[in-house]
Amino acid sequence: MSAVDKAVPRRDARSISEVVNDERFRSIFYQIIVAVAVIWTAQYLITNTAENLQARGMSTGFEFLSSTAGFSIAWSIIDYEAGDTYFHVYLVGIANTLIVSFFAIIATTLLGFVVGVMRLSSNFVVAQIASAYVEVMRNVPLLLHILFWFTLSSALPSPKQSLGWLDSFFLNNRGLYVPAPVPGDGFDIVIIMVLIGIAVAYGVTVWATKRQMATGQRFPAFWTGVGLVVGLPLLAFFALGAPLTFDYPALKGFNFQGGADVPRAFCALLFALVLYHTVFMAEAVRAGILSVSHGQTEASYSLGLKPSWTLRLVVIPQAMRAVVPPMISNWMNVVKNSSLAIAIGYPDLVAVFMQTSLNQSGHAIEIVAMVMLFYMTVSLTISAALNYYNKLVQIKER
């Protein structure tokens, strides 16, 4: 055998060794192993669960969603009756969760910016008050916040001694009573004008930003946007003859009749969520402002900008690059932590669907999966929206 023939096996051996030691081959091989293990584990769990449920005579599937729930819900923002289905209960729980989370996120964001700026104030008293607020609120569990404000709300006066404002808003130990809007014919046009105003205001803001970057000239995009969003609907509102009236609450007997009532559980939950999550938003704002070089502030002062303009036009836009990532987590935590409302009887998704509906129907796996799907969907939506905004405010390399 020649030397060339003897070398052939060695070349084959080296090629196999190269394939085995190749990083791409190993990564694909390990991923296949992990995928097979996950699939096998999932199949085992599903099969085992199905066998156990069948052995106990328990039915599975989502057919129960069309069955009558048969129980009442203390408060909901959408119409509900005891004869509605479990799926309608699911929608009621989602609506009640989203409404309290929506208001909590807005209030948390606005108040968090205020407290965050206060912590950096040159005024010693203002800075210390903000610091004390942050330290007290974030070191007490949220559940205790909720229980504290709910217990405190029971000390409010009875309906006959309600705290009133403008003879239209009343607060007592049963909740908050406010005027209820009653839209008339043509009010849908007003809503359309609001949407058009928002779209045009957004377009003006984009145009003004590009114009300022190109020429350095500022355009009052904010006030123009306010005029569009508020002015266009008002013009349509009065042109259509004011197609909106209000049903005002009035004390009749032992309680208020008419208007819209907000239970004290909702008020206590909203108050606790805002006060607790505001401190984390404030710390994110403070960290974001501190991340901006002090030279930026000095440069803006040297150009003659007022401190308020420096903060709004120079510091905050740059600080948002550091504020948005923790803000994503804070917004998601607001939604997820609203599930603690079950402790005070607020009918959120966990209370009316994962507790009451589960106890009556017995479909634990399906109900828990649906609740998990809701919170996952909301969290991913918030993350996607704010990540998109985060990409817009990041520094673009040329």
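Residues numbered from 1 in each chain as written. Predicted model: local features only at pLDDT ≥ 70, side-chain atom pairs only at ≥ 80, totals over all residues. Heavy atoms only, no water.

S.K.: How should I be thinking about the side chain of Ser101 in this particular structure?
M.R.: One can find Ser101 in helix H3 (residues 86-119). Only 2.8 Å separates the side chain of Ser101 from the backbone oxygen of Thr97, close enough to count as a polar contact. (Helix = DSSP H or I, 4+ residues; strand = E, 2+ residues; numbered from the N terminus. Polar contact = N/O pair within 3.5 Å; in protein donor to acceptor, adjacent residues only side chain to side chain.)

S.K.: Explain the layout of surface pockets here, please?
M.R.: Where empty space is left in the structure can be found by rolling a water-sized probe over the atoms. Estimated volume of the second largest pocket: approximately 390 Å³. Looking at the lining of the second largest pocket residue by residue, the classes come out as 9 nonpolar, 6 polar and no charged. (1 Å grid on protein atoms, 1.4 Å probe; cavity = no way out; pocket = protein on both sides within 12 Å on 5 of 7 lines; lining within 4 Å. Points joined across faces, edges and corners; volume = space filled by probe spheres on them. Nonpolar A, V, L, I, M, F, W, Y, C, P; charged D, E, K, R; others polar.)

S.K.: Would you take a moment to explain the side chain of Ser379 for this structure?
M.R.: Structurally, the position occupied by Ser379 is in helix H12 (residues 364-393). A relative accessible area of 11% means that Ser379 is categorised as buried. At a separation of 2.9 Å, a polar atom in the side chain of Ser379 contacts the main-chain carbonyl oxygen of Tyr375. Excluding anything up to four places from it in sequence, Ser379 contacts Met332 and Lys336. (Buried < 20%, exposed > 50% of the residue type's maximum accessible area, 1.4 Å probe, protein only. Contact = heavy atoms within 4.5 Å.)

S.K.: Hey, could you run me through the environment of Phe353 in this one?
M.R.: Checked against the element boundaries, Phe353 lands in helix H11 (residues 349-361). As a C-alpha pair, Phe353 and Tyr90 span 263 residues in sequence and 5.9 Å in three-dimensional space.

S.K.: What is the right way to read the pairing of strand E2 (residues 169-172) from this model?
M.R.: The two faces of the sheet receive side chains in turn, since in a regular strand these alternate between them. Residues of E2 alternate between two faces, with Phe170 and Asn172 buried on one and Phe169 and Leu171 left unburied on the opposite face. Sheet analysis places strand E1 (residues 163-165) next to E2, joined by 3 bridges and oriented antiparallel. Residue pairing in the sheet places Gly164 in a bridge with Phe170 of E2. Linking E1 to E2, which pair antiparallel, is a turn of 3 residues; within it Leu166 sits at a positive phi near 60°. Here E2 runs beside strand E3 (residues 175-178); their pairing, made up of 3 bridges, is antiparallel. Looking across to E3, one finds that Asn172 is bridged to Gly175. (Pairing = 2+ DSSP bridges.)

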